[in-house]
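# Observations on chain architecture
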Amino acid sequence: MTDHQEILRGLYDETLVGNGPRVLELTQQGLDAGLTPESMLFDALIPSLEEVGARFERGDFFVPEMLVAGRAMSGALDVLRPLLAETGAQTVGTFLMSTVKGDVHDIGKNLVNIMLEGAGFHVIDLGVQVSPEKVIAGIQEHKPDIVGFSAFLTTTMPMFKANINAMQKAGLRDQVIVMVGGAPVTQEYADAVGADGYAADAATAVRKAKELLAAKRAMVGV
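Source: prediction; values computed, not measured. (Residues numbered from 1 in each chain as written. Predicted model: local features only at pLDDT ≥ 70, side-chain atom pairs only at ≥ 80, totals over all residues. Heavy atoms only, no water.)

### Looking at the sheet that holds strand β3 (residues 146-150)
Our working definition: Following DSSP output, two strands are said to pair if at least two bridges run between them. Helix and strand definitions follow DSSP, with helices as H or I runs of at least four residues and strands as E runs of at least two, each counted in order from the N terminus. It only takes one pair of heavy atoms within 4.5 Å for two residues to be counted as in contact. Where helices are involved, their axes are fitted lines through C-alpha atoms of the stretch in contact, as for all axes, and angles between N-to-C directions lie from 0 to 180°.
Taken in spatial order, the 5 strands make up an open sheet running β2-β1-β3-β4-β5, and their pairing is parallel. Of all strands in the sheet, those with a lone pairing partner are β2 (122-125) and β5 (197-198), marking the two edges. Where β3 meets strand β4 (residues 177-181), 5 bridges bridge the pair, whose relative direction is parallel. Counterpart to Ile146 in the pairing with β4 is Ile177. Against the sheet, helix α5 (residues 107-118) engages β1 (94-99), β2 and β3, with an angle of about 170° to β1.

Spelled out as structure tokens, the structure:
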């Protein structure tokens, strides 16, 4: 078993430092050695990305470190995702993500996507410049648990409200959790537009998404 432990430890360490080629190599080695995709994901990759998030929150890591770690994990996920689908691995939940209409910024959004995937979410990214109509179509098609809106410009932040209004009109607002974020966005603004959650960074976004989903499922179960 030491071989397995060594591979998992390697996956954890190399993801932490963002060594993409080595992470891919170890992922392949793990599969060849008979490690399950679940084990690599839940015993090495996800804990590593959680540590990246924790270091970011402590101020030991910054955005570049998060990006390279996220990219390294992303490469492994590309290999493991189809295998996980075959084994019917449960996802935490489905997250529909978009940058609002009028805004083309996506670095923050992409980082959140990687962190969410790393935490076991199934992420559907509608891209940038996404209109309320596209959001509605996306919700109807994918039936997500959470819908995320990102805005980088103060001039595009009002689109949060436009999207939420469109969801209300379509009778979909109560079916999903709405999360918002982006450089100029604040908790106060999120509250004002009627969002369920706000996060200032990718690590917080993942934690918040899990908390909101757990709370909603607990209420449904009541």
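### Details of the layout of surface pockets
The condition is simple: Using protein atoms alone on a 1 Å grid, points that fit a 1.4 Å probe yet trap it form a cavity, whereas open point sets bounded by protein on both sides within 12 Å along at least five of seven lines form a pocket; residues with an atom within 4 Å of a point count as lining. Grid points are joined across faces, edges and corners, and a volume is the space filled by probe spheres set on the points. Lys, Arg, Asp and Glu make up the charged group, whereas Ala, Val, Leu, Ile, Met, Phe, Trp, Tyr, Cys and Pro make up the nonpolar group; the residues left over, Gly among them, are polar.
Counted as a void, the largest pocket has a volume near 540 Å³. Only α4 (63-86), β1, α5, β3, β4 and α9 (202-221) provide two or more residues apiece to the lining of the largest pocket. Here the lining of the largest pocket gets 5 residues from one element, more than from any other, and that element is α5. Here the residues of the lining of the largest pocket sort into 19 nonpolar, 6 polar and 3 charged.

### A closer look at the pairing of β1
Filter applied, for reference: Here the term buried applies to any residue with accessible area under 20% of the maximum for its type, exposed to any over 50%, and partly exposed to those in between, with areas from a 1.4 Å probe on protein chains only. Assignment of crossover handedness uses the view with strands pointing away from the viewer, where a clockwise path from the first strand over the helix to the second indicates a right-handed crossover.
Of all 6 residues in β1, 6 are buried; the element is thus mostly enclosed. Side chains of β1 alternate between two faces, with Thr94, Leu96 and Ser98 and Phe95, Met97 and Thr99 buried alike. When β1 meets β2, the two strands line up parallel, connected through 4 bridges. Within the sheet, the bridge partner assigned to Phe95 lies in β2 and is Val123. Between the parallel pair β1 and β2, the chain is carried across by α5, and the sense of this crossover is right-handed. Across 5 bridges, β1 lies against β3 in parallel orientation. Directly across from Ser98, in β3, lies its bridge partner Phe149.

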